[in-house]
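Chain by chain, the residues run as shown.
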Amino acid sequence: MAEQIVIIGGGQAAAMAAAALRHNGFDGGLTLLSDEPCPPYERPPLSKAALLDDNPALQPVLPADWWQQNKVTLRTGVQVSRIHRATRQVELLTGECLRWDQLLLATGAKARPLPALDALGDVTFTLRHTGDAARLRAALQPGKRLIIVGGGTIGLELAASATQRQCQVSLVEMAPEVMGRNAPPPVRAWLAQQHRQHGVELLVNNRIEQLTLAGGEINALLQDGTQCRADLLVYGVGILANDHLAADAGLETDNGIIVDNHCRTSAAGIFAAGDVARVRQPDGSLARRETWENANRQARLAAAAMLGLPPPEDTPGWFWTDQYQANVQFIGEMAGDNWLQRGDPDQGNAIWFNLVNGALAGAVTLNQGRDIRQLRKLIQYACRPDPASLADPSVPLKAL
Ligand SMILES: Cc1cc2nc3c(=O)[nH]c(=O)nc-3n(C[C@H](O)[C@H](O)[C@H](O)COP(=O)(O)OP(=O)(O)OC[C@H]3O[C@@H](n4cnc5c(N)ncnc54)[C@H](O)[C@@H]3O)c2cc1C
């Protein structure tokens, strides 16, 4: 009987793993099981175009005819409820069982729930699926007052989109700065300034202490005594991995399925990729990159490992965010104390460089995404450019 690979999940990692398996010559049975009602779609637009465009359309990860052309069985609207390791089967909620020889878990994550905020009912929102975006978009009418809890990438993108829809936004963040987890200090400061200039009330170093809903109005009392009144509340405070199937099947998990750097889980023949996976590092710590590019990269890694092929070349991590007119792209290492700036962000274009012991370890571009390719090379090969040339916009990156 032909080898069967089953992929659980209907997002970026699941779709791209199917594509990589076929691209690498796997010609056995390939089935993708997704609990969403539609084929895999791009999630990044949900906080951007899906809230801003007049007629937002879902962007499919793969062309609609790809599945049939590549003989991949795409089953949407089906939820996997159990993994049977002894018999190598997955069980659907309906009781139907499917056999696998190799299994990929690409079940992603959900917004980390905050029950005290959910208790307000339908004035509270989170954003992960297309249905969440449609519900939020309908609620973000001009003049509505919105509290956003969480000043990470999603919170800031929501603030920008809501402001552009003429809503009044107050954003509450526990930490002293926004995007503290993944942007370097100069970029955090510049983004905070952008939001303030667009009228967002940034309430950093703060948290909601009391929350009531009366007559359709939300009243939030913050730790510093500020009172915020609003019509809607949306929160984005991190993710919770959809790892319960793996945990129930006895795989090693810890808010994510633990994998090695080939996406192999603790169980033979079972792999995990994307937001659900946490990679064990050489020092024993666990790391997860919750980005679109990582979902693609781990999909390729898992496919290669399943087929016994060498892993694709490792490249510096990359992600982006769009807020107002700013397209900000991050590549490589964001931790570091020595950031150099090229260009003037207030004029709309800049690059920030992270020099670690003289070598280029990371960079952030503002509206200069075309430079990412060159920056990737400089970072990958740990180039040691002259700091004065780095800061000088007249010196082409290729000359560094
Ligand atoms: C609003 C938003 C904006 C973003 N913007 C950016 C951005 O600008 N740049 C960037 O780099 N990254 C961004 N990201 C992150 C990026 O989209 C994610 O890292 C990526 O989508 C992860 O892909 P994934 O396939 O691992 O998980 P997911 O996309 O979450 O897919 C998991 C899939 O598995 C399904 N599933 C779960 N359990 C089961 C089950 N038991 N049975 C069947 N199916 C199941 C889920 O319904 C879902 O379809 C954004 C994310 C969100 C939510």
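Residues numbered from 1 in each chain as written. Predicted model: local features only at pLDDT ≥ 70, side-chain atom pairs only at ≥ 80, totals over all residues.

Caption draft 1: Structural context of the overall build of the protein. Scanning the protein for helices and strands turns up eleven helices and 26 strands. Compactness check: the protein gives a C-alpha radius of gyration of 22 Å against a globular reference of 21 Å for 400 residues, within 12% of the reference. The dimensions of the protein, computed from C-alpha atoms along their principal axes, are 65 × 60 × 40 Å. Taken across its 400 residues, the protein has 40% of its residues classed as buried. Partitioning the intrachain contacts of the protein with sequence separation of at least 6 by distance along the chain shows that 60% fall at a separation of at least 24. (Helix = DSSP H or I, 4+ residues; strand = E, 2+ residues; numbered from the N terminus. Rg over C-alpha atoms; globule rule 2.2 N^0.38 Å. Buried ≥ 20, exposed ≤ 12 C-beta atoms within 10 Å, placed from the backbone. Contact = placed C-beta atoms within 7 Å.)

Caption draft 2: Here's a closer look at the site of the ligand. Among the 37 residues in the neighbourhood of the ligand, the closest are listed as Gly9, Gly11, Ala13, Gly108 and Gly274. Residue assignment for the shell around the ligand shows that the elements contributing at least two residues are helix H1 (12-23), helix H9 (292-306) and strand E22 (318-323). Across the shell around the ligand, the residue classes tally to 17 nonpolar, 13 polar and seven charged. Three or more residues apiece are contributed to the shell around the ligand by two domains, here domain 1 (4-110 + 239-306) and domain 2 (113-235). (Near = placed C-beta within 6 Å. Nonpolar A, V, L, I, M, F, W, Y, C, P; charged D, E, K, R; others polar. Domains from an automatic or database assignment.)

Caption draft 3: Broad picture of helix H6 (residues 153-164). An ideal rise of 1.5 Å per residue puts 16 Å on twelve residues; H6 measures up with 17 Å between its terminal C-alpha atoms. Within H6, ten of the twelve residues are buried, leaving the element largely enclosed by the surrounding structure. Burial in H6 covers these residues: Thr153, Ile154, Gly155, Leu156, Glu157, Leu158, Ala159, Ala160, Ser161 and Ala162. Considering only its buried residues, H6 is in contact with helix H2 (49-52), strand E10 (145-149), strand E11 (168-172), helix H7 (185-197), strand E16 (232-235) and E22. (Expected span 1.5 Å × (residues − 1).)

Caption draft 4: Spatial organisation of the sheet that holds strand E13 (residues 208-214). Pairing is antiparallel across the open sheet formed by three strands, whose spatial order is E13-E14-E15. On the outer flanks of this sheet lie E13 and strand E15 (227-230), each paired with one strand and no other. Across the sheet, the mean angle separating the axes of adjacent strands is 20 degrees when strand polarity is ignored. In terms of strand pairing, E13 meets strand E14 (residues 217-222) through six bridges, oriented antiparallel. The residue of E14 that forms the bridge with Gln210 is Leu221. (Pairing = 2+ DSSP bridges. Axes fitted to C-alpha atoms, helices over the stretch in contact; angles between N-to-C directions.)

Caption draft 5: The domain arrangement of the protein, seen in detail. For the protein, the assigned domains read domain 1 (4-110 + 239-306), domain 2 (113-235) and domain 3 (325-399). For domain 1 and domain 3, the distance between their C-alpha centres works out to 33 Å.

Caption draft 6: View of the sheet that holds strand E6 (residues 97-99). Strand order in the open sheet made by the three strands is E4-E5-E6, with antiparallel pairing throughout. Edge strands, defined here as strands with exactly one partner in the open sheet, are strand E4 (80-84) and E6. On average, adjacent strands in this sheet sit at an angle of 25 degrees to one another, irrespective of strand direction. Examined bridge by bridge, strand E5 (residues 89-92) and E6 share three bridges and lie antiparallel to one another. Within E6, the position partnered with Gln89 by the bridge is Arg99.

Caption draft 7: Expanded view of the pairing of E10. Across the five residues that make up E10, a large majority, four, are buried. Across five bridges, the pairing between E10 and E11 is parallel. Along E11, the bridge assignment pairs Ile147 with Ser170. In this view, the connection linking E10 to its parallel neighbour E11 by way of H6 has right-handed handedness. Bridge count for E10 against E16 is four bridges, and the pairing is parallel. Bridge assignment links Ile148 to a residue of E16, and that residue is Val234. (Right-handed = clockwise from strand over helix to strand, strands pointing away.)

Caption draft 8: The arrangement of the packing of H1 against H9 in detail. It is at 8 Å that the axes of H1 and H9 come closest, and there the two elements cross at 40 degrees. Classified by the interaxial angle, the pair formed by H1 and H9 is oblique. For the element pair H1 and H9, the recorded crossing hand is right-handed. Only Trp292, Ala295, Asn296, Gln298, Ala299, Arg300, Ala302, Ala303 and Met306 of H9 make contact with H1, whose side of the interface consists of Gln12, Ala13, Met16, Ala17, Ala20 and Leu21. Here the contact of H1 with H9 is built from residues that sort into eleven nonpolar, three polar and one charged. (Parallel < 35°, antiparallel > 145°, perpendicular 65-115°, else oblique. Left-handed = near helix turned anticlockwise from the far one by under 90°.)

Caption draft 9: Structural context of the nonpolar core. By size, the foremost hydrophobic cluster in this structure holds 59 residues, and its most contacted members are Ile147 and Val234. For this core, the leading source of residues is H6, giving six residues. With residues near it in sequence (within four places) discarded, Ile147 still touches Ser170, Val172, Ile218, Ala220, Cys228, Ala230 and Leu233. Counting 50 residues, the second-largest nonpolar core is a separate cluster that includes Ala14, Met16, Val72 and Ala109. (Core = buried A, V, L, I, M, F, W, Y, C linked by C-beta atoms within 7 Å.)

Caption draft 10: Spatial organisation of H9. The end-to-end C-alpha separation of H9 is 21 Å, in line with the 21 Å expected for 15 residues at 1.5 Å each. The buried fraction of H9 is high, at 13 of 15 residues.

Caption draft 11: The arrangement of unusual backbone geometry in detail. If you check the backbone angles, Arg88 has positive phi at about 50 degrees while not being a glycine. Structurally, Arg88 is set in the loop between E4 and E5. Unlike most non-glycine residues, Asn205 shows phi in positive territory, near 55 degrees. Within the element layout of this structure, Asn205 appears in the loop between strand E12 (201-203) and E13. With 13 C-beta atoms counted inside 10 Å, the residue Asn205 sits in the partly exposed group.

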